[in-house]
Amino acid sequence: AATTTATTTILLRQLRDDVEVYHFGVDELHACAHWLLYLACMARTARADDAFLSLVDTDRELTVLASTSLLADAAHANVMLPECVQHERTRWTALLVDEGDLGFDQPGIVSGLATPLAAANVPVMYVSMYSTDVVLVPRARRHDARRCLEANGFTFD
């Protein structure tokens, strides 16, 4: 049985593409504008249904989480990664959280996923959006993460 919060079942779906992490300082935004615009706008029409892109901006840096298919599309279109962008070498696997109609006011979703993964020593990144969330686990640990979550009552689509 799938793990539930209140009366809603939470399912997970692993996205096909790996996700890579890039970041750069806010002072370098001008050098990255073309690459970012391509990822955010133009690549959207050409990408697979389950590709993933997240841009997180703070006063110190901008972090980009992008599916490898989007990055390949950009490179194929000769939209090259600027030199100022730092690339994290770890590839991540994205698990889409199918929350149904839980919304922002349902407590416990993040901790319900993060707690068993932390107990299994599986690092996570978590991205919350309006209608869904994405749990990212290191690609090398994706099978461990799946086994851990299944053992804790989660099901995969």
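Just above, that's the structure.
Here we summarise the structure given alongside this text. (Residues numbered from 1 in each chain as written. Predicted model: local features only at pLDDT ≥ 70, side-chain atom pairs only at ≥ 80, totals over all residues. Heavy atoms only, no water.)

## Observations regarding the packing of helix α3 (residues 109–119) against helix α4 (residues 142–151)
Where α3 meets α4, the axes come as close as 9 Å, and the angle between the chain directions of the two elements is 120 degrees. The orientation of α3 with respect to α4, classified from their angle, is oblique. With respect to the hand of their crossing, α3 and α4 are arranged in right-handed fashion. For the pair formed by α3 and α4, the contact residues are L113, P116 and L117 on the first element and A145, C148 and L149 on the second. Tallied by class, the residues present in the contact of α3 with α4 amount to six nonpolar, no polar and no charged. (Axes fitted to C-alpha atoms, helices over the stretch in contact; angles between N-to-C directions. Helix = DSSP H or I, 4+ residues; strand = E, 2+ residues; numbered from the N terminus. Parallel < 35°, antiparallel > 145°, perpendicular 65-115°, else oblique. Left-handed = near helix turned anticlockwise from the far one by under 90°. Contact = heavy atoms within 4.5 Å. Nonpolar A, V, L, I, M, F, W, Y, C, P; charged D, E, K, R; others polar.)

## Comments concerning unusual backbone geometry
With a phi close to 60 degrees, N78 is a non-glycine residue in the positive phi region. Even without being a glycine, N121 presents a positive backbone phi close to 60 degrees. By secondary structure assignment, the location of N121 is in the loop between α3 and β7 (125–128). Relative accessible area serves as the criterion here: at 60%, N121 is assigned to the exposed category. (Buried < 20%, exposed > 50% of the residue type's maximum accessible area, 1.4 Å probe, protein only.)

## Looking at the packing of aromatic side chains
What the rule picks out here adds up to one aromatic pair. Considering the side-chain rings of Y22 and W35, the 5.5 Å spacing of their centres and the 70 degrees angle between planes classify their relative orientation as edge-to-face. A residue pair is termed long-range when its members are at least 10 positions apart, and Y22 in strand β3 (residues 11–25) and W35 in helix α1 (residues 29–46) qualify at 13 residues. We note that Y22, like W35, is buried. Stacked on the ring of F156, the Lys or Arg R146 has its end atom at 4.2 Å from the ring centre. (Phe/Tyr/Trp six-rings, centres within 6.5 Å; stacked < 30°, edge-to-face > 60°. Lys NZ or Arg CZ within 6 Å of the ring centre and 35° of its normal.)

## Some words on the environment of L29
Inspection of the secondary structure puts L29 in helix α1. Ignoring any residue separated from it by four or fewer positions in sequence, one finds L29 in contact with F24 and L36.

## Digging into the environment of W35
The class for W35 is buried, based on a relative accessible area of 3%. Counting along the chain gives 36 residues from W35 to L71, while the straight-line C-alpha distance between them is 9.5 Å.

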